[in-house]
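Structural overview for review
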Amino acid sequence: MTLHAPYDPDNIFAKILRGDIPSVKVWEDEHVLAFMDVFPQSEGHVLVIAKQSTARNLLEIEPDVLAQVIAATQRTARAVEKALKPEGFQILQFNGEAGGQTVFHLHFHIVPRWADRPMKGHGHAPMADTAVLRSLAERIAAELEPLK
Ligand code: AMP
């Protein structure tokens, strides 16, 4: 998939946003959705997406929507840090198939990191148990700061 193909309305995240397939939600508002990655590269791996934009990547995202998504990523990362106490975390964002992107609806990854726990490979992690993801999502959601 090139950087410049049209948006596919049947990509996995579009299906999640329509409710056609389930996801383990951390939180949402009218603009953004934060949900658990089902193939987590570490414990507490969360994805943040815009709800209305059909931008596939960073080149296409409208600046005002980007501001909403990155603010939501920061809010979620703060809650991840409080809930799971990682020693560090990574914010990842892939663009185009050659850039490692596999779902073509712009998203930011929050991947908590611990010095003694190797991170699983992008696209190579096993599927997580839904009950475990729900429990993590509840712990993270419980630490969210109030929306302003
Ligand atoms: P990327 O490769 O940057 O496009 O990231 C796509 C991410 O979506 C990967 O980390 C996948 O593990 C994750 N993913 C794929 N399908 C689902 C799904 N149904 N629910 C949640 N995360 C998913």
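Before reading further, recall that the structure is shown in the block above.
These lines cover the structure that appears in this document, whether it is placed above or below. Within each chain, residues carry numbers counting from 1 in the order of the written sequence. Given that the model is predicted, a residue must reach a pLDDT of at least 70 before its local features are reported, and side-chain atom pairs must reach 80 or more before they are shown or counted; all residues, however, enter totals for whole chains, interfaces and linings. Water and hydrogen atoms play no part in the side-chain values, which are based on all heavy atoms of the structure.

**Notes on the pairing of strand β2 (residues 32–36)**
- Type-normalised accessible area, obtained with a 1.4 Å probe on protein chains alone, sets the label of each residue: buried when under 20%, exposed when over 50%, and partly exposed for intermediate values. Here a strand is any run of E in DSSP of at least two residues, a helix any run of H or I of at least four, and the numbering for each starts at the N terminus. Of all five residues that make up β2, five are buried, and the element is covered over most of its length.
- The side-chain alternation of β2 yields two buried faces, one formed by V32, A34 and M36 and the other by L33 and F35.
- Of the pairings in the sheet, the one linking strand β1 (residues 25–28) to β2 comprises three bridges and is antiparallel in character. When the sheet's bridge partners are listed, W27 is paired in β2 with A34.
- Two strands are said to pair when DSSP picks up at least two bridges between them. What sits between β1 and β2 in their antiparallel hairpin is a turn of three residues.
- The pairing of β2 with strand β3 (residues 46–50) spans five bridges and is antiparallel. Bridging from a neighbouring strand, L33 pairs with I49 of β3.

**A few points about the site of the ligand**
- Every one of the 17 residues lining the ligand counts as a neighbour, but D37, T102, V103, H109 and H122 are closest to it.
- Side-chain polar atom of T102 to an oxygen atom of the ligand: 2.6 Å apart, as the coordinates give it.
- We define a polar contact as two N or O atoms separated by no more than 3.5 Å, with the added condition that, inside protein, one atom must be a possible hydrogen donor and the other a possible acceptor, whereas residues neighbouring each other in sequence contribute only through side-chain atom pairs. Within the contact set of the ligand, an oxygen atom lies 2.8 Å away from a backbone nitrogen or oxygen of V103.
- Notes on the ligand: free accessible area 500 Å², of which the protein chains cover 90%.
- Among the elements of the structure, α1 (12–18), β2 and β5 (107–113) are those that each provide at least two residues to the shell around the ligand.
- For the shell around the ligand, the element with the most residues is α1, which contributes three residues.
- Across the shell around the ligand, the residue classes tally to 10 nonpolar, six polar and one charged. The near set for a molecule or strand comprises every residue that places at least one heavy atom within 4 Å of it. Surface accessibility follows the Shrake-Rupley procedure with a 1.4 Å probe radius. Residue values consider only the protein chains on display as shielding. Residue type decides the class: Asp, Glu, Lys and Arg count as charged, Ala, Val, Leu, Ile, Met, Phe, Trp, Tyr, Cys and Pro as nonpolar, and the leftover types, Gly among them, as polar.

**Describing the sheet that holds β5**
- Strand order in the open sheet formed by five strands is β1-β2-β3-β5-β4, and the pairing between neighbours is antiparallel. Both outer strands of the open sheet, β1 and β4 (88–92), are each paired with one neighbouring strand and no more. Averaged over all neighbouring strand pairs, the angle between strand axes comes to 15 degrees, with direction disregarded.
- In terms of strand pairing, β4 meets β5 through five bridges, oriented antiparallel. Of the residues in β5, the one forming a bridge with I91 is I110.
- Sitting on the sheet, helix α2 (residues 63–84) touches β1, β2, β3, β4 and β5, and the angle it makes with β5 is about 20 degrees. The convention used is that axes are lines fitted to C-alpha atoms, helices contributing only their stretch in contact, and that angles between N-to-C directions extend from 0 to 180 degrees. Residues count as neighbours in contact if any of their non-hydrogen atoms are within 4.5 Å of one another.

**What about the pattern of salt bridges?**
- Within this document, salt bridges are pairs made up of a side-chain nitrogen of Lys or Arg and a carboxyl oxygen of Asp or Glu, the two lying within 4 Å of each other. Scanning the model with the defined rule gives eight salt bridges in all.
- With its nearest N and O atoms 3.4 Å apart, the salt bridge here joins E43 to R117. Residue E43 is located in the loop between β2 and β3, and its partner R117 is located in the loop between β5 and α3 (130–141); the two are separated by 74 residues in the primary sequence.
- On the basis of relative accessible area, E43 is assigned to the partly exposed category, the value being 37%.

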